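# Coordinate inspection notes
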Amino acid sequence: MDKIRRASHAGSWYTDNPKKLGEELDGWLRDCGVAQSSDVRAVIAPHAGYSYSGRAAAYAFGNIDPENISRVFLLGPSHHHYTPKCALSKATLYKTPIGDLPIDLQVNEELKATGKFEFMDLHVDEAEHSMEMHLPYLVKVFQGYSVKVVPILVGALSAETEAMYGRLLAKYVDDPTNFFSVSSDFCHWGSRFNYTHYDKKHGAIHKSIEALDKSGMDIIETGDPDAFKQYLLETDNTICGRHPISVFLHMLKSSSTKIKIRFLRYEQSSHCKSMRDSSVSYASAAAKVDA
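Quick caveat, the model's predicted, so the values are computed rather than measured.

## Some words on the layout of surface pockets
Taken as a whole, the largest pocket spans an internal volume of roughly 340 Å³. Every residue lining the largest pocket is counted, 20 residues in all, and those nearest its centre are Trp13, Ala48, Gly49, Asp185 and Val280. Mapped by element, the contributors of at least two residues to the lining of the largest pocket are helix 2 (50–61) and strand 12 (279–289). Considering each element in turn, the lining of the largest pocket owes the most residues, 3 residues, to strand 12. Among the residues forming the lining of the largest pocket, the class breakdown is 7 nonpolar, 11 polar and 2 charged.

Below is the structure:
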């Protein structure tokens, strides 16, 4: 019998009305004007409520050509549950209002056999939004195709552990039927996030935030996990998916397939002008085979 992870954030973070949700996703995918490409093997996309980041996320998910993909690895940060490891799901099925995604139990078993992964309880799984916010887009893009998911909750990893998971997961990058959906928002700015870095040389606060984020995005595009780690040490930028992104960079570094990340969209939830303001940044990227 299926062990189901409910769409626990439907009805709050995004609509639970299937017709409305489907129309929203179709609209964003159409409006972004991005073409599907079989060379795109991964995306980095935000995970805020759809009213905030749904449009930006389309610039990532719109790149996916579902034709030859049979499995999607989800890499999402843990917002509520502390673990120094990566955790797999105990569920067998992830539900969304517009369709369900089965977990690839065979790959789960392979990963479990390494001894490096733990399993998260269903309540931890359902409390976390970082991977759930990618699911409706995946259901929409893979409509009419058979696809399974491998959700990996990425904990508060050390640099050494990030590299270890990167090496361990690299072999999956070399299989072109695998796809990777990496979940992260970018700068969380404002006193409510305990982060108010402001470099006045850029002008308005929101321009300073943009410069900060874009220097991080440029480093991610180089594919160098050590340079990204150094950037985080120097800036403290509040990129909530820093660990999933780092693991992904290590995966690319350790795989034999040459893949290049390119950011296609950058937005902010609002434009901060005073120290009382706050905002969250959203960036979408596609990772393409670099022939």
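## Examining the nonpolar core
Counting 47 residues, the largest nonpolar core has Leu111, Phe117, Ile152, Ile220, Phe248, Ile261 and Phe263 as its most contacted members. A per-element tally of this core places helix 9 (residues 242–254) first, with 6 residues. The residues touching Leu111, leaving out its near neighbours within four places in the chain, are Leu88, Phe117, Val150, Ile152, Leu168, Leu169 and Tyr172. Counting residues in each nonpolar core, the second largest holds 41 residues, with Cys32, Ala60, Val147 and Val149 among its members.

## Here we look at the packing of helix 3 (residues 105–113) against helix 6 (residues 159–173)
Here helix 3 crosses helix 6 at 150°, and the two axes come no closer than 12 Å. As far as their axial angle goes, helix 6 and helix 3 are roughly antiparallel. The two elements helix 3 and helix 6 cross, and the hand of that crossing is right-handed. Contact residues: helix 3 offers Val107, Glu110 and Leu111, while helix 6 offers Leu168, Leu169, Lys171 and Tyr172. Class assignment of the residues belonging to the contact of helix 3 with helix 6 gives a composition of 5 nonpolar, no polar and 2 charged.

## Some details on the environment of His79
Relative to the assigned elements, His79 resides in the loop between strand 3 (71–77) and strand 4 (86–89). Distance in space between the C-alpha atoms of His79 and Gly155 is 8.8 Å, their sequence separation being 76 residues. With sequence-adjacent residues up to four places away left out, His79 is seen in contact with His47, Glu128, His129, Ser130 and Cys240.

## Some words on the pairing of strand 8 (residues 148–154)
Counting buried residues along strand 8, 6 of its 7 residues qualify, which places the element largely inside the surrounding structure. Note that strand 3 and strand 8 share 7 bridges and pair parallel. Of the residues in strand 8, the one forming a bridge with Phe73 is Val150. Pairing between strand 4 and strand 8: 3 bridges, direction antiparallel. Of the residues in strand 8, the one forming a bridge with Leu88 is Ile152.

## Brief notes about the pattern of salt bridges
On inspection of all chains with the given rule, the structure shows 15 salt bridges. Salt-bridge contacts for Asp26 lead to Lys140; the nearest nitrogen and oxygen are separated by 3.2 Å. You can see Asp26 sitting in helix 1 (residues 18–32) and its partner Lys140 sitting in helix 5 (residues 135–141), a full 114 residues away along the chain. Residue class for Lys140 comes out buried when judged on its relative accessible area of 11%. Of the charged contacts, one joins Asp121 and Lys90 as a salt bridge, the two residues approaching to 2.8 Å between their closest N and O atoms. Of this pair, Asp121 sits in the loop between strand 7 (117–120) and helix 4 (122–127) while Lys90 is found in the loop between strand 4 and strand 5 (93–96), placing the two residues 31 residues apart along the sequence. Using a relative accessible area of 35% as the deciding quantity, one classes Asp121 as partly exposed. Here Lys90 falls in the partly exposed class, since its relative accessible area comes to 36%. One continuous salt-bridge network, built from bridges that share partners, spans Arg5, Asp125 and Glu132.

So, how was this worked out
Residue positions are given per chain, counting from 1 as you read along its sequence in written order. Two thresholds apply to this predicted model, a pLDDT of at least 70 for residue-level local features and 80 or more for giving and counting side-chain atom pairs, whereas whole-chain, interface and lining totals are computed over all residues. Calculation of side-chain values draws on the structure's entire complement of heavy atoms; hydrogens and water are dropped beforehand. With a 1 Å grid spanning the protein atoms alone, the term cavity applies to any set of points in which a 1.4 Å probe fits but cannot get out, the term pocket to an open set with protein on both sides within 12 Å along at least five of seven lines, and the term lining residue to any residue with an atom within 4 Å of a point. Grid points are joined across faces, edges and corners, and a volume is the space filled by probe spheres set on the points. Runs of E in the DSSP output that reach at least two residues are strands. Runs of H or I that reach at least four are helices, and both are numbered from the N terminus. Lys, Arg, Asp and Glu make up the charged group, whereas Ala, Val, Leu, Ile, Met, Phe, Trp, Tyr, Cys and Pro make up the nonpolar group; the residues left over, Gly among them, are polar. The definition of a nonpolar core used throughout is a set of buried Ala, Val, Leu, Ile, Met, Phe, Trp, Tyr and Cys residues joined through side-chain atoms within 4.5 Å. Only protein chains enter the accessibility calculation, which uses a 1.4 Å probe; a residue is then buried when its area is under 20% of its type maximum, exposed when over 50%, and partly exposed in between. The contact criterion used throughout is that any non-hydrogen atoms of two residues lie within 4.5 Å. Note on geometry: axes are lines fitted to C-alpha atoms, helical ones only across the stretch in contact, with angles between N-to-C directions running from 0 to 180 degrees. By the definition adopted for this analysis, an angle is roughly parallel if under 35 degrees, roughly antiparallel if over 145, roughly perpendicular if from 65 to 115, and oblique otherwise. Crossing handedness is defined as follows: a turn of the near helix away from the far one that is anticlockwise and smaller than a right angle gives a left-handed crossing, while the clockwise case is right-handed. Paired strands, in this sense, are two strands between which DSSP finds at least two bridges. Salt bridge, as used here, is a side-chain nitrogen of Lys or Arg placed within 4 Å of a carboxyl oxygen of Asp or Glu.

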